[in-house]
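So the chains spell out like this:
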Amino acid sequence: MKIKVAWIGKTKDAAIQSLTDEYLKRLSRYAEVEGVALKDETALLCARDARPGRHTLVLLDGRGKQLSSEELAKFLGDYQDRNPLPLLFAVGAADGFTDQARQSATLVLSLGKMTLAHELARVVLLEQLYRAFTILKGHPYHLGH
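Residues numbered from 1 in each chain as written. Predicted model: local features only at pLDDT ≥ 70, side-chain atom pairs only at ≥ 80, totals over all residues. Heavy atoms only, no water.

Draft legend 1. Geometry of the sheet that holds strand 1 (residues 2–8). Ordered by their spatial adjacency, five strands build an open sheet running 2-1-4-3-5, and the pairing between neighbours is parallel. Every other strand in the sheet has two partners, leaving strand 2 (32–38) and strand 5 (107–110) as the edge strands with one partner each. Between one strand and the next, the sheet's axes are offset by a mean angle of 30°, whatever the strand orientation. Bridge count between strand 3 (residues 56–66) and strand 5: five bridges; the pairing is parallel. Bridge pairing links Gln-66 to Ser-110 in strand 5. Lying on the sheet, helix 3 (residues 69–82) is in contact with strand 3, strand 4 (87–91) and strand 5; it crosses strand 4 at an angle near 145°. (Pairing = 2+ DSSP bridges. Helix = DSSP H or I, 4+ residues; strand = E, 2+ residues; numbered from the N terminus. Axes fitted to C-alpha atoms, helices over the stretch in contact; angles between N-to-C directions. Contact = heavy atoms within 4.5 Å.)

Draft legend 2. Structural view of the environment of Val-124. The topology assignment puts Val-124 in helix 5 (residues 118–137). The contacts of Val-124, once residues within four sequence positions are left out, are Leu-111 and Leu-116.

Draft legend 3. Summary view of a nonpolar patch on the surface. Residues Leu-111, Leu-116 and Leu-120 make up a contiguous nonpolar surface patch of roughly 220 Å² in combined accessible area. Within the element layout of this structure, Leu-120 appears in helix 5. (Patch = residues over 30% accessible without salt bridge, like charges linked within 9 Å, V, L, I, M, F, W, Y side chains within 5 Å. Areas by Shrake-Rupley, 256 points an atom, 1.4 Å probe, with all protein chains shown as cover. Salt bridge = Lys/Arg side-chain N within 4 Å of Asp/Glu carboxyl O.)

Draft legend 4. Quick look at the side chain of Glu-119. Note on placement: Glu-119 falls in helix 5. Buried and unpaired, Glu-119 has no salt bridge, with Arg-122 as the nearest side chain of opposite charge at 4.1 Å. One polar contact links the side chain of Glu-119 to the main-chain amide nitrogen of Lys-12, over a distance of 2.9 Å. Setting aside anything within four residues of it in sequence, one finds Glu-119 in contact with Lys-10, Thr-11, Lys-12, Asp-13 and Ile-16. (Buried < 20%, exposed > 50% of the residue type's maximum accessible area, 1.4 Å probe, protein only. Lys, Arg positive; Asp, Glu negative; His and termini not counted. Polar contact = N/O pair within 3.5 Å; in protein donor to acceptor, adjacent residues only side chain to side chain.)

Draft legend 5. Inspection of the packing of aromatic side chains at higher detail. Tallied over the entire structure, the rule returns five aromatic pairs. Between Tyr-30 and Tyr-130 the ring centres are 6.0 Å apart and the planes differ by 55°, which places this aromatic pair in the tilted class. With Tyr-30 in the loop between helix 1 (14–27) and strand 2 and Tyr-130 in helix 5, this residue pair connects regions lying 100 residues apart in the sequence. Its relative accessible area of 19% is what places Tyr-30 among the buried residues. (Phe/Tyr/Trp six-rings, centres within 6.5 Å; stacked < 30°, edge-to-face > 60°.)

Structure (structure tokens):
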């Protein structure tokens, strides 16, 4: 399975970059994964490998669907079993995504009702993707609660 995690803007905090790198490394045990910083939403929607039909776009947005860790694992497991296209998860800038971007996504996902800084949302997403794969593989990282 191929997963790309894209975010808008440069990382300003070394601690955020360190956590990003750590979770990308952990994820690489379970999937072919890449993290990429993009200049803006246009760069996300116009990237050569981000055109519809070349990926499945999942946007993080506060207005999106909330999933439990187990539900995210089920989504990834089902996707892995039936779809060869890479998954492209995108975390927007501080002001989120436009309606156009949300309409082009296969899934709009929310990390919850609380507002998170977009850089922190990226780390939470990466941790949840890692957790989802450990759930699928029966690894003890996820103990339920």
